[in-house]
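Chain by chain, the residues:
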Amino acid sequence: AQSVTQLDSHVSVSEGTPVLLRCNYSSSYSPSLFWYVQHPNKGLQLLLKYTSAATLVKGINGFEAEFKKSETSFHLTKPSAHMSDAAEYFCAALSGGYNKLIFGAGTRLAVHP
Amino acid sequence: GAVVSQHPSWVICKSGTSVKIECRSLDFQATTMFWYRQFPKQSLMLMATSNEGSKATYEQGVEKDKFLINHASLTLSTLTVTSAHPEDSSFYICSACSLRGGEQYFGPGTRLTVT
């Protein structure tokens, strides 16, 4: 069965420093993977998605993620954190032919001045 | 494009009453809509998959008689929480898939508080 694991429940960085949010997946085939951001009491906004094209995916707001099949990882990065990046981030995988998204537990990103 | 709305954005109701939440795709047709539930500081849990014109498919452990889902048109799905209890208090989020592909577009969520 597919599963998504976000390795850190909380990440805290200083403004201007790099961000790394880790995500591992398990799947018997090449998955479609997504990163979403959620601000308090808001819905989810798609940051980026991987669908078996280029392994380095660029998203909105300066975020990018690299699909590494050998490591079954899809970590989210940003070179320089901004205060407005503070939010909850979810990694998700599309489940086979059912079009269902399987979400990781989420990582709360805090950005300090 | 690809905007999904939910109404209401928040609702407070008394225990024992029913609440209806609407999910609309504003600028595209959605054959499939999904309903999620999110408890504070937790991830999204899929409750059910709603296909236009057919019965919803519920995830294991979700009471179909308590969470009634209707998907009567290509732009509207509704979730009715029947005989609500305080433990039903949660953040409910819907998403919709366009006809052309599998990407899900999420609504802004509905905060339900049952007193």
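Report on the accompanying structure. (Residues numbered from 1 in each chain as written. Chains lettered and ligands numbered in written order. Predicted model: local features only at pLDDT ≥ 70, side-chain atom pairs only at ≥ 80, totals over all residues. Heavy atoms only, no water.)

### Quick notes on the sheet that holds strand β1 (residues 4-7) of chain B
Residue and element names in this part refer to chain B. Reading across from one edge, β1-β3-β8-β7 is the order of the four strands in this open sheet, with antiparallel pairing throughout. The open sheet has two edge strands, β1 and β7 (67-73), and neither has a second partner. With strand direction ignored, the average angle separating the axes of adjacent strands in the sheet is 15°. Pairing of β7 with strand β8 (residues 76-81) involves five bridges; the strand directions are antiparallel. The partner of Ile69 across the bridge, within β8, is Leu79. (Pairing = 2+ DSSP bridges. Helix = DSSP H or I, 4+ residues; strand = E, 2+ residues; numbered from the N terminus. Axes fitted to C-alpha atoms, helices over the stretch in contact; angles between N-to-C directions.)

### Describing the state of the cysteines
All names here are of chain A. This model, assessed by the stated rule, comprises two disulfides over all chains. Between the sulfur of Cys23 and that of Cys91 lies a disulfide, 2.0 Å long from S to S. Its S-S torsion of about -70° marks the bond between Cys23 and Cys91 as left-handed, since a negative value means left-handed. In this pair, Cys23 sits in strand β4 (residues 23-26) while Cys91 sits in strand β10 (residues 87-95), placing the two residues 68 residues apart along the sequence. Accessibility assignment for this pair places Cys23 and Cys91 in one class, buried. (Disulfide = S-S within 2.5 Å. Buried < 20%, exposed > 50% of the residue type's maximum accessible area, 1.4 Å probe, protein only.)

### Observations regarding the pattern of salt bridges
For side chains of opposite charge, pairing can occur when their charged atoms come near one another. Scanning all chains against the criterion turns up eight salt bridges over all chains. One salt bridge connects Asp85 of chain A with Lys78 of chain A, and the closest N-O pair in it is separated by 2.8 Å. What makes Asp85 of chain A buried here is its relative accessible area of 4%. A salt bridge links Lys66 of chain B to Asp88 of chain B, with the nearest nitrogen and oxygen atoms 2.9 Å apart. You can see Lys66 of chain B sitting in the loop between β6 (57-58) and β7 and its partner Asp88 of chain B sitting in the loop between β8 and β9 (90-98), a full 22 residues away along the chain. In this structure Lys66 of chain B comes out as buried when scored by relative accessible area, which is 12%. (Salt bridge = Lys/Arg side-chain N within 4 Å of Asp/Glu carboxyl O.)

### What to know about the nonpolar core
Counting residues in each nonpolar core, the largest one holds 26 residues, and the members touching the most others are Trp35, Leu48, Phe74, Leu76 and Tyr89 of chain A. Element by element, the count of residues in this core is highest for β10 of chain A, at four residues. When neighbours within four sequence positions are excluded, Leu76 of chain A is seen to be in contact with Val19, Leu20, Leu21, Trp35, Leu47, Leu48, Phe63, Glu64, Ala65 and Tyr89 of chain A. Judged by nonpolar contacts, the second largest core, of 24 residues, contains Val19, Phe28, Met47 and Leu112 of chain B. (Core = buried A, V, L, I, M, F, W, Y, C linked by side-chain atoms within 4.5 Å. Contact = heavy atoms within 4.5 Å.)

### Here we look at the layout of surface pockets
Taken as a whole, the largest pocket holds about 270 Å³ of empty space. Lining the largest pocket we find 14 residues, and of these Gln38, Pro40, Asn41 and Arg108 of chain A together with Lys41 of chain B sit closest to its centre. Roughly 220 Å³ of volume is contained in the second largest pocket. What lines the second largest pocket is a set of 12 residues, among which Lys100, Leu101 and Ile102 of chain A together with Leu46 and Glu59 of chain B lie closest to the centre. (1 Å grid on protein atoms, 1.4 Å probe; cavity = no way out; pocket = protein on both sides within 12 Å on 5 of 7 lines; lining within 4 Å. Points joined across faces, edges and corners; volume = space filled by probe spheres on them.)

Without other data, these values stay purely geometric and don't point to any function.
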